[in-house]
Amino acid sequence: MASVERMQELLIIDTPTSPVTSGLPLLFVITVTAIKQGYEDWLRHKADNAINQYPVHFIQHGKLVRKQSRKLRVGDIVMVKEDETFPCDLIFLSSSRGDGTCFVTTTSLDGESSHKTYYAVQDTKAFHNEQEIDALHATIECEQPQPDLYKFVGRINVYHDRNEPTARSMNVFLIVYLCILISKALINTVLKYVWQSEPFRDEPWYNQKTEPERKRNLFLRAFTDFLAFMVLFNYIIPVSMYVTVEMQKFLGSYFLTWDEEMFDEDTGLGPLVNTSDLNEELGQIEYVFTDKTGTLTENNMEFIECCIEGHVYVPHVICNGQILHDCTGIDMIDSSPGGSGKEREELFFRALCLCHTVQVKDDDSVDGLRKSQLSKRSCIYISSSPDEVALVEGIQRLGYTYLRLKDNFMEILNRENNIEKFELLEVLSFDSVRRRMSVIVKSSTGDIFLFCKGADSSIFPRVKEGKIEQVRSRVERNAVEGLRTLCVAYKKLTAEEYSNVQKLLQNAKLALQDRDKKLAEVYEKIERDFILLGATAVEDRLQEKAADTIEALQKAGIKVWVLTGDKMETAAATCYACKLFRRNTQILELTTKKIEEQSLHDVLFDLSKTVLRHNGSLTRDTFSGLSTDMQDYGLIIDGAALSLIMKPRQDGSSGNYRELFLEICRNCSAVLCCRMAPLQKAQIVKLIKLSKEHPITLAIGDGANDVSMILEAHVGIGIIGKEGRQAARNSDYAIPKFKHLKKMLLVHGHFYYVRISELVQYFFYKTLYDTAYLTLYNISFTSLPILFYGLMEQHVSADTLKREPSLYRDVAKNALLRWRAFIYWTFLGVFDAAVFFFGAYLLLDNTVVTSNGQVFGNWTFGTVVFTVLVFTVTLKLALDTHYWTWINHFVIWGSLVFYIIFSLLWGGIIWPFLNYQRMYYVFMQMLSSGPAWLGIILLITVSLLPDVLKKVLCRELWPTATERIQTRALLHHCLESREKLGSLAKYLRQQHEWGAECIEALSGAHLRIHTSCLSEKPKIQEQRLQQFPSKKV
């Protein structure tokens, strides 16, 4: 009785699943994912080690010692040589330069590639060797670390006694399939107990239950059966999909880095992929936030002109009827200045030569040079601001050359080739709040001047004298043309006034508390009552194809926002130049000036009424692009206005203003945010990202000041430009130029999304049999074709995607992974499964299908079903493939061949390591049956028929833009082929006619015709036939 009972238990529980078949695919998935993640972590660890093991020289016991940067400790004195990187935060003690200065680039911190001048501590700058430095005994008092990169308050006391949308859909679909799995297990558990409700079914005569089994708790038995069904049906969850997706993303990222069109010849750099997990998001971008300087522009400043009291000076043109020394000249718009004008002109040139932080990188000594040599020498200028270098170089072309700063004296060479020396008394450094800088200098005659340059909005309110209106008019005109403008002013100080200024500055500089605030108050007292001298204009040229890229992105339905710290007029001119704003675009302003005239509430509501009046109550769709039916609006907002919008109101809420602002932005085709601080850029990105539509955002920039918005966006792209690698290191992807963004999104992003969508849906579709078959089904039989499909498929060509940006809209907003597509693929899977099982059952059940009169057993029946399954899902992928390569042919047809070979080997050989072989000789028996072959072919055809019909009908009745492009390309290809065939037929016809004439000529001469003659060229044939004058050829 016990043996019979065990037999029935085996009959009931026997399934093709086992711990091996359930655990092996999961182990494989986890292993491959761990290897991929581990490899990427190893690359990051390798990069970290390269930095941490960087050799550093430091002073120990009066000697220079080298050790790794990771071994540095607080209090170590480090020596940094030219072009080396600082290993940590340092205080500048001494320099090899006599004046105790050094030039530092902060590209790794803020993205600024220009040089900044730093001054050594006064008490230590005289130390020049290791022994003197080692004898230093000092303490440093400073404030706690703070986020402000440019602020450091500290004091050194010297003692002289010593000296860092697709996954969402996948997860949702998996939850649905998990619910289906639970439902199937639950339904089967209920049906089992309904079936066993009859006593003769629950306890047949040959399998009576034991007493403990009868007393076993019903709910415990039901739960155990439920878990058994869960294990039995677990293959409905495509576990191997995860490893295939990971491999597709990782390998697919190399196609981006290998793209030769995205290499920059100037820098020799190509695109970089820092993370491969966001590839498909590149095809779902709805908002692009871009920096201006260095991203849209080249960050290469060029001096264009200067205006002195209304007179415009342009280098290399005639000025005042004279040609200036060492330059072609200057163009004068107005008449030549008089006596006082001449004095102001010289003061203006001297101001630009003195009011800056530019340093001269030149080892030659000026003292030993003659005046003729000085006039011809070229200086290499370095500064924290490219604008300053452009101004100093521009003034050099106008006759005044800045030579150097030596022993606290600034030396300039004037038009007469005379060297003028000015003692540098004070420097009032530039900051983004004051938006100006000043220097106090003393001439050789004893006169003390305060020269100031800065933004027009910062200088004009502090001017008491000068031709303000003329200069203002020129500044506004230059700003509209996209030029960067600065105003220059001065005032003369008496010795007593300077003494008071010096005391105020000294007290503020020594303050440990609120030093910046006190310095700002002192600067405010000093920088007033100026005499206006003039203004300058500098151009930052637009990057190559920046306008074409923005236009293509807009046609693709992507909204482009420019976030910059520049003034509104300059930024707006750049936006017009790069086609962000167009001639018919109505500009809306949300600026501080507007808010001063009206309240913020009124301005927002007026703008809202304006945009909704033309566009109706419906808001403009995110993907409206360049609409011709609706009025295009462009919004300009500055940092101060944004602060007011984001600032909580008195009632504690700011939501109403934010929602109103977002409503206005949704109805604008483009937005310009000017005068933005780095954190405000991130604020804007976060505001859009968390709006109710939850759009996919992308931020692109080239400097460290763009890192905050790059990290905030869904996808961050850094440009490997002149402002360092900080943006590139903190981004998900890096590209050499802004123009490469077009192909990255419209081609690579489009392909990535289409491929991953098809891959995910395909896995849910093909989601069952003998232990080995179940294990290899998702690993070997059907995984390679979909993997390579996901790597190489191109439903349209890359050139077409670049030429037709609107195709990006076909895949926008996760169009290919919506519920409609998911339900279709699921229905297709259910339909095919029904065809496989019931079709095979109806065709083969109780039918004599072998030559000896036997009928198929369960395992042969299952082999037929499984064979139909493998061939159907593989052929369906072949039907969906548009871009065929030898690799596709190899993996698709090769996987089918591999399945056949494996089945023959698995069932045709007795394997000694197996306890039993249920599949022995099953596959060969199936192949020996004609009805089985007929059934397989018939079932594959029926299974593929609905998908073929759906494709044909949808393409004819409701074609998408992509399908229309595909049809057009196919027709074009057919026409080309027809023309080629026509040309070939014409050529063959001509050859045939020519051959017939040759045969006729040779026959008339009674000569033997050799077939080899027909292959000769016509000229050779003609030469041979000249000997037969009786017959003309």
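Residues numbered from 1 in each chain as written. Predicted model: local features only at pLDDT ≥ 70, side-chain atom pairs only at ≥ 80, totals over all residues. Heavy atoms only, no water.

Enquirer: So what exactly am I meant to see when it comes to the environment of Arg 435 here?
Expert: Summarising the element assignment, Arg 435 is placed in the loop between strand E16 (419–431) and strand E17 (436–443). For Arg 435 and Gly 454, which are 19 residues apart along the polypeptide, the C-alpha to C-alpha distance reads 5.7 Å. Here Arg 435 is in contact with Phe 430, Gly 454, Ala 455, Ser 457, Ser 458 and Arg 675, once residues within four sequence places are set aside. Among the polar contacts made by the side chain of Arg 435, one reaches the side chain of Ser 457 at a distance of 2.8 Å. (Helix = DSSP H or I, 4+ residues; strand = E, 2+ residues; numbered from the N terminus. Contact = heavy atoms within 4.5 Å. Polar contact = N/O pair within 3.5 Å; in protein donor to acceptor, adjacent residues only side chain to side chain.)

Enquirer: What is the right way to read the pairing of E16 from this model?
Expert: Walk down a regular strand and you will see the side chains alternate between the two sheet faces. Examined bridge by bridge, strand E15 (residues 409–413) and E16 share 5 bridges and lie antiparallel to one another. In the sheet register, Leu 413 faces E16, and the bridge partner there is Ile 419. Between E15 and E16, which follow one another and run antiparallel, lie 5 residues, and Asn 417 among them has a positive phi close to 65 degrees. Across 7 bridges, E16 lies against E17 in antiparallel orientation. Among the inter-strand pairings, Val 427 is bridged to a residue of E17, identified as Val 439. (Pairing = 2+ DSSP bridges.)

Enquirer: So what exactly am I meant to see when it comes to the pattern of salt bridges here?
Expert: When the charged atoms of two side chains with opposite charge come close together, those side chains can pair. Under the definition given, this model contains 37 salt bridges. With its nearest N and O atoms 3.2 Å apart, the salt bridge here joins Asp 76 to Lys 67. For Asp 76, a relative accessible area of 27% translates into the label partly exposed. A salt bridge links Glu 261 to Lys 743; its shortest N-O distance comes to 3.0 Å. Linking Glu 261 in the loop between helix H9 (240–257) and strand E8 (272–273) with Lys 743 in helix H26 (residues 740–765), this pair joins segments that are 482 residues apart in sequence. (Salt bridge = Lys/Arg side-chain N within 4 Å of Asp/Glu carboxyl O. Buried < 20%, exposed > 50% of the residue type's maximum accessible area, 1.4 Å probe, protein only.)

Enquirer: Quick question: what am I supposed to make of the sheet that holds strand E27 (residues 715–719) here?
Expert: Strands in a sheet are paired, the pairing made by backbone hydrogen bonds, and the direction either parallel or antiparallel. If you walk across this open sheet you meet the 9 strands as E8-E28-E27-E26-E9-E22-E25-E24-E23, and the pairing is mixed. Two strands bound the open sheet, and with one partner strand each, they are E8 and strand E23 (586–590). Across 4 bridges, the pairing between strand E9 (residues 287–290) and strand E22 (residues 559–563) is parallel. Looking at the pairing, Val 288 lines up with Val 560 of E22. Packed onto the sheet, helix H21 (residues 639–646) meets E23, strand E24 (633–638) and strand E25 (670–674) and runs at close to 85 degrees relative to E24. (Axes fitted to C-alpha atoms, helices over the stretch in contact; angles between N-to-C directions.)

Enquirer: What should I look at first to understand the sheet that holds strand E2 (residues 63–68) in this one?
Expert: The antiparallel open sheet is built from 3 strands, whose spatial order is E2-E1-E3. One side of each edge strand has no neighbouring strand; the edge strands of this open sheet are E2 and strand E3 (77–79). Ignoring which end each strand starts from, the neighbouring axes of this sheet average 45 degrees apart. Pairing between strand E1 (residues 55–60) and E3: 3 bridges, direction antiparallel. Note on E3: the bridge partner recorded for His 57 is Met 79.

Enquirer: Just to check I follow, could you spell out unusual backbone geometry for this structure?
Expert: A negative phi angle is the norm for most residues apart from glycine, just as the trans form is the norm for most peptide bonds. The phi dihedral of Glu 309 is positive, around 50 degrees, even though this residue is not glycine. The topology assignment puts Glu 309 in the loop between strand E10 (297–308) and strand E11 (311–313). Residue Glu 309 is classed as buried on the basis of its relative accessible area of 11%.

Enquirer: Explanation requested: the confidence of the model for the chain in the structure shown.
Expert: Interpreting fine coordinate detail is not advised for predicted regions of low pLDDT. Per-residue pLDDT for the chain averages 76, and the proportion of residues at 70 or more is 76%. Long-range and interchain partners of residues 1–13, a stretch whose pLDDT sits below 50, account for 13 contacts in this model, where long-range means more than four residues apart. The model gives residues 1005–1033 a pLDDT under 50, and that stretch makes 24 contacts with residues more than four places away or in other chains. (pLDDT = per-residue confidence, 0-100.)

Enquirer: In this structure, what is going on with the packing of aromatic side chains? I would like to understand it.
Expert: Both the distance between ring centres and the angle between the ring planes are used here to describe each pair of aromatic rings. Taken as a whole and assessed by the stated rule, the structure comprises 20 aromatic pairs. In textbook terms, an aromatic cluster arises when at least three aromatic residues are bridged by ring pairs, as seen for Tyr 39, Trp 42, Phe 250, Tyr 254, Phe 255 and Trp 258. The side chain of Arg 472 reaches across the aromatic face of Phe 460, ending 4.5 Å from its centre. Note that Lys 950 overlies the ring of Tyr 824, its terminal NZ or CZ placed 4.7 Å from the centroid. (Phe/Tyr/Trp six-rings, centres within 6.5 Å; stacked < 30°, edge-to-face > 60°. Lys NZ or Arg CZ within 6 Å of the ring centre and 35° of its normal.)

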